[in-house]
Amino acid sequence: MDLYFITFAVMAVGAGIFTISAREALASALGLLTVFVACAALYLHLHAPLIAIFQISIYAGAILVLVVFVIMLLMSPDDRLEVIQENMSYRIMGVFLVAAMIGLVVKALKDVKEHGAVSLPDGFGSPGQIGEFFFRDYLLHFEVASVLLLVALIAAIYLGKKKL
Amino acid sequence: MEDWIIDLIKVVFIWVWCLLIAVVMTWVERRASAMMQDRLGPNRAGPFGLLQPLADGIKLFTKEEIIPEKAKKILYILGPALFAIPAFSAYAVVPFGDKIVIGGKEIILQVSDVNIGFLYVLAVGSMGVYGMVVGGWASNNKYSILGGLRSTAQLISYEVPMGLALLAVVLLYGTFSMREMVLAQQGTFLGFLPNWGIFKQPLGFLMFIVAAYAEAARVPFDLPEAESELVNGYHTEYGSMRLGLYLFGEYVNLGTLSGIMVSIYFGGWQLPYIDMSAFLGPVSYGIASFLVFFLKQAFFLFLFVWVRWTVPRFRYDQLMGLGWKSLIPLCLVNFFITALLVQLTV
Amino acid sequence: MPKPVVKKEYPLSVRIYLWEIIKGLGITWRHFVKNIRYSFRKGPHTVPTTWQYPEDRRPISPNFRGAHMLQLNEKGQELCVGCGMCAKACPAKCITVKRGKPADGEEDRYAGKTMCEEFTIDMLRCIFCGFCEEACPKNAIVLGQGHELAEYTMEACIYDKAKLIANFEEAKAAGKLKPKPKKVPVEAPPKAEAKKPAAKPAAKAAPKADKAKPAEKADAKKEGEDSKE
């Protein structure tokens, strides 16, 4: 357990708690931003700079900006989140999400215990290797993901254009 | 000297340099705009009005710091910092010179030559929007919120063509490191042109420069500020040095974008046709390469000003239309042509 | 009914927009270079399109209504008799006049038999209408060309008699006195009345206009040379 890891891990968890407890929409979004940045720092620590950059440029730079855009479009700075949080169905969904998440974490921890420490192969986390992963080992997953994105794109166009 | 001391010196140097550029740019912007509009501009403080930025700085520092009553206090204070930090940190991977030998030690004139430097620029560049958004939201003013709202949509839209234009460059050079990209631009292209990215990627450069203007929220894409519509957009409610930080951050951003343009499309620190390292000593070569880089950068900084006083602002739907309907398809075309050419020549 | 939106069809060359931007950049560049060259010119009026105020001042019309002055005649006697007509005429009520008799032995300081003991003008209230000038039977109060009237205190903006006479001395030294108005005969037919005042100030103003002209001509010449280059 080194200081770097502890700093950013605490930062990520703290910001995560702040995200779900903040009463103001944009503050909550900024909490999420902090989570992303802290996670990126942890990825850097895990010798995965490319993933760290993607984390920032895609999650923090694009997806969260979209979230912020929606917040600014639909809410005013004086709106509070309590009103939305009173909705019961969100809470029930949240319970399921948490259960699934805990299951995943437990499984991951078990795997870590079984394998122990593993030394990294050469060039781990470099852009070239990630490209090889994408286009050789996990090509099917990659293509499925791109088809999924295509479907989302077509759906967006369908929703955007009222009459086709 | 130990490595970390050298790194520290480099960081401090580039930080001061950024600030200097920003300071001088405020003067250049006002004087040059005046000259283009048949005026004289600020010419009272010092010779040619060169001390005007200093006077402005003193004014901004000594002004009362006002936080509007209905503003969200913490976010309001956070906004300018969120805007300025990414602007400064993007400079870390821009190579501002080749290398300099001091005391038998070779020093690369770049804060950090990381192998994903290029993506780092994109990632950090996309973070600047939070400053605008937070500032606009925290001011709790309808103009500010509109400015912030516009900035989010605009920056997301133009991130895509910018990334696509740069990806074509990555295909061309086969590396993510900014320094290696500059080194790949040595020599000549087709026998008579300098081997610069602009000649291999003319369309890509055009797309990139348009996207860069939109990313920096400069005229003709200054929708988030839009003086004539939104008072001053996201920083309407700001005053004193908080406003100063926003204005400074903008100019530092311009400096970074100019640096990237020079490094990727204009051969970085290299002079065309002439190999400076052949006849210059190790120290003077380092300084000369830095000066060459700076001159190129200065041209693009001036171009920002020049365009600002030439082109009128786009309407919002035109801005979105240009981004999604023109730039992205053109960038894709450019990308595939580049891929084809790279595949054919390799 | 809302105004219909007319959608114009532009050819591709215009829709690309880039060429137009480059042309525009050319125009701004031409202005930039021209003005840079002008700004290295010697002398005050450098950039021809704007007057750089503290250095170059535009010639002011002799009929300008600026800061007031109390005139003296050729012998150096005060013209004001303290009648208070100006104070009556003033729509802003900024003039205070107190009539008095000159003290013994000082009669030759004043042109009339009476004088003003006190004469103050509150410049903060004055609207520079010139009614006081028109009302004055002795042509004693006149609005001059002084227009840089900013002061640091409110008290300094209330002009007393000494200040008003000092204004006159200054204008006299600079040769910027207002030409004397031509007396209009009361019984004269309206035709002559309309003609004469119009003709006279113009003739009087001519010498001054001449003075201002050579400077302008020199400037025009310089501009001509510059544009030739």
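Scope of this entry: the structure provided in the associated data block. None of these values were measured; they are calculated from a predicted model.

Here's the deal with unusual backbone geometry
Phase 1: The amide bond that connects V219 of chain B to the next residue, P220 of chain B, takes the cis arrangement and shows omega of 5 degrees.
Phase 2: Inspection of the secondary structure assignment puts P220 of chain B in the loop between α9 (202–215) and α10 (227–230).
Phase 3: Backbone geometry places V231 of chain B, a non-glycine residue, at a positive phi of 60 degrees.
Phase 4: Inspection of the secondary structure puts V231 of chain B in the loop between α10 and α11 (240–265).
Phase 5: At F128 of chain C, a residue that is not glycine, the phi angle is positive and equals roughly 55 degrees.
Phase 6: Note that F128 of chain C resides in the loop between β3 (115–122) and α4 (131–135).
Phase 7: We classify F128 of chain C as partly exposed; its relative accessible area is 22%.

Re the packing of helix α1 (residues 3–36) of chain B against helix α12 (residues 282–308) of chain B
Residues and elements named next belong to chain B.
Phase 1: Running from N to C, α1 and α12 point in directions that differ by 40 degrees, and their axes come no closer than 10 Å. Our classification of the angle between α1 and α12 gives oblique. The two elements α1 and α12 meet at a crossing, and its hand is right-handed. For the pair α1 and α12, contact is made by F13, W17, I21, M25, V28, E29, A32 and M36 and by F290, F294, Q297, L301, F302, V305, W306 and R308, respectively.
Phase 2: For the contact of α1 with α12, the per-class residue count stands at 13 nonpolar, one polar and two charged.

A look at the side chain of K10 of chain B
Phase 1: Mapped onto the elements, K10 of chain B comes out in helix α1.
Phase 2: When near neighbours in sequence (up to four residues on either side) are disregarded, K10 of chain B contacts I107, I108, Q110 and V111 of chain B.

Conventions and cut-offs
- Residues numbered from 1 in each chain as written.
- Chains lettered and ligands numbered in written order.
- Predicted model: local features only at pLDDT ≥ 70, side-chain atom pairs only at ≥ 80, totals over all residues.
- Heavy atoms only, no water.
- Helix = DSSP H or I, 4+ residues; strand = E, 2+ residues; numbered from the N terminus.
- Buried < 20%, exposed > 50% of the residue type's maximum accessible area, 1.4 Å probe, protein only.
- Axes fitted to C-alpha atoms, helices over the stretch in contact; angles between N-to-C directions.
- Parallel < 35°, antiparallel > 145°, perpendicular 65-115°, else oblique.
- Left-handed = near helix turned anticlockwise from the far one by under 90°.
- Contact = heavy atoms within 4.5 Å.
- Nonpolar A, V, L, I, M, F, W, Y, C, P; charged D, E, K, R; others polar.

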